[in-house]
Amino acid sequence: MRIGFGYDSHVFESGKPLVLGGVIIPECDGLKAHSDGDVLIHAVIDSLLGAAALGDIGSHFPDTDERWKGADSGELLRSVVYELRGAGYSIENIDVTVICERPKLRPFVELIRSSLAELMSVGIGRISVKGKTNEGMDAVGAGKGIAVHAVALLK
Ligand code: MG
């Protein structure tokens, strides 16, 4: 068994859709990023790569590379999972905590879990997604962006 931890944060940017775990969240600003800004998937990718000691999202998909401009983070996740399986790993489970004042995550949690399960080709019972606020503290608490923590267990 190998455990990995991932973290990411992005600030809101108006004029683009918010994508979390491959799910478009309506009526909320998107996130500033070179890719589609899917902060949740970025944290999950780093947890998976961390568990396998295979670098991080920046080493696999550098934001200086035009290939990844506006990239669909779901496709990046698919390719990381493919690489891990090729290296002999299987995904035991992942657990994700999303921290933001808005949007309220609860109505989207099941959609995000099934989206991640589909992207990673694992049963939904292996995927946990939890949302919470930062109780008004710091920049995330001021509603400036979204932060995500993720842990992954590989076999
Ligand atoms: Mg990111």
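Described below are features of the structure shown in this document. Please read these numbers as outputs of a predicted model, since none were measured by experiment. Along each chain, the written sequence defines residue order, and numbers are assigned to residues from 1. Predicted model: local features are reported for residues with pLDDT of at least 70 only, side-chain atom pairs are reported and counted for 80 or more only, and whole-chain, interface and lining totals are derived from all residues. Excluded from the side-chain calculation are hydrogens and water; included are all heavy atoms of the structure.

Some thoughts on the coordination of the magnesium ion
Formally: In this analysis a donor is any N, O or S atom within 2.8 Å of a metal ion (3.2 Å for sodium, potassium and calcium), and since water is not included, sites may seem incomplete. Going along the chain from the N terminus, every DSSP run of H or I of four or more residues is numbered as a helix, and every run of E of two or more is numbered as a strand. Relative accessible area decides the class of each residue, using a 1.4 Å probe on protein chains only: under 20% of the type maximum gives buried, over 50% gives exposed, and in between gives partly exposed.
For the magnesium ion, the protein coordination sphere consists of Asp8 (OD), His10 (NE2) and His42 (ND1), at 2.0 to 2.2 Å. All donors of the magnesium ion come from a single chain, and their spacing in sequence reads D-x1-H-x31-H. Placement of the pair is histidine 10 in strand β1 (residues 2-20) and histidine 42 in helix α1 (residues 39-51), with a sequence separation of 32 residues. The burial state of histidine 10 is the same as that of histidine 42; both residues are buried.

Focus: the packing of aromatic side chains
The condition is simple: Stacked, tilted and edge-to-face are the three classes assigned to paired rings of Phe, Tyr and Trp, where Trp is represented by its six-membered ring and a pair needs centres within 6.5 Å; plane angles under 30 degrees give stacked, over 60 edge-to-face, the rest tilted. For a lysine, the NZ atom is tested; for an arginine, the CZ atom; a charge sits over a ring if that atom is within 6 Å of the ring centre and within 35 degrees of the ring normal.
Tallying each qualifying case throughout the model produces 0 aromatic pairs. The lysine or arginine in question, arginine 102, covers the ring of phenylalanine 12, its NZ or CZ lying 4.5 Å from the ring centre.

Digging into the layout of surface pockets
Put simply, the rule is: The pocket and cavity definitions rest on a 1 Å grid over protein atoms only: a 1.4 Å probe that fits but cannot leave marks a cavity, an open set with protein on both sides within 12 Å along at least five of seven lines marks a pocket, and residues lining either have an atom within 4 Å of a point. Grid points are joined across faces, edges and corners, and a volume is the space filled by probe spheres set on the points. Amino acids outside the nonpolar list (Ala, Val, Leu, Ile, Met, Phe, Trp, Tyr, Cys, Pro) and the charged list (Asp, Glu, Lys, Arg) are all regarded as polar, and Gly is one of them.
Of the voids in this model, the largest pocket is the one considered here, and its volume is about 270 Å³. In terms of lining residues, the largest pocket is bounded by 15 residues, among which Ser35, His42, Ile57, Phe61 and Asp63 are the most central. Looking at the lining of the largest pocket, the elements with two or more residues in it are β1, α1 and α2 (57-60). Looking at the lining of the largest pocket element by element, the count peaks at 3 residues for β1. Partitioning the lining of the largest pocket into residue classes produces 7 nonpolar, 5 polar and 3 charged. Its boundaries defined by the atoms lining it, the second largest pocket holds a volume of some 190 Å³. Around the second largest pocket, the lining residues are Val98, Cys100, Pro103, Lys104, Leu105, Arg106, Val109, Val129, Lys130, Gly131, Lys132 and Thr133. No other element matches strand β4 (residues 127-132), which puts 4 residues into the lining of the second largest pocket.

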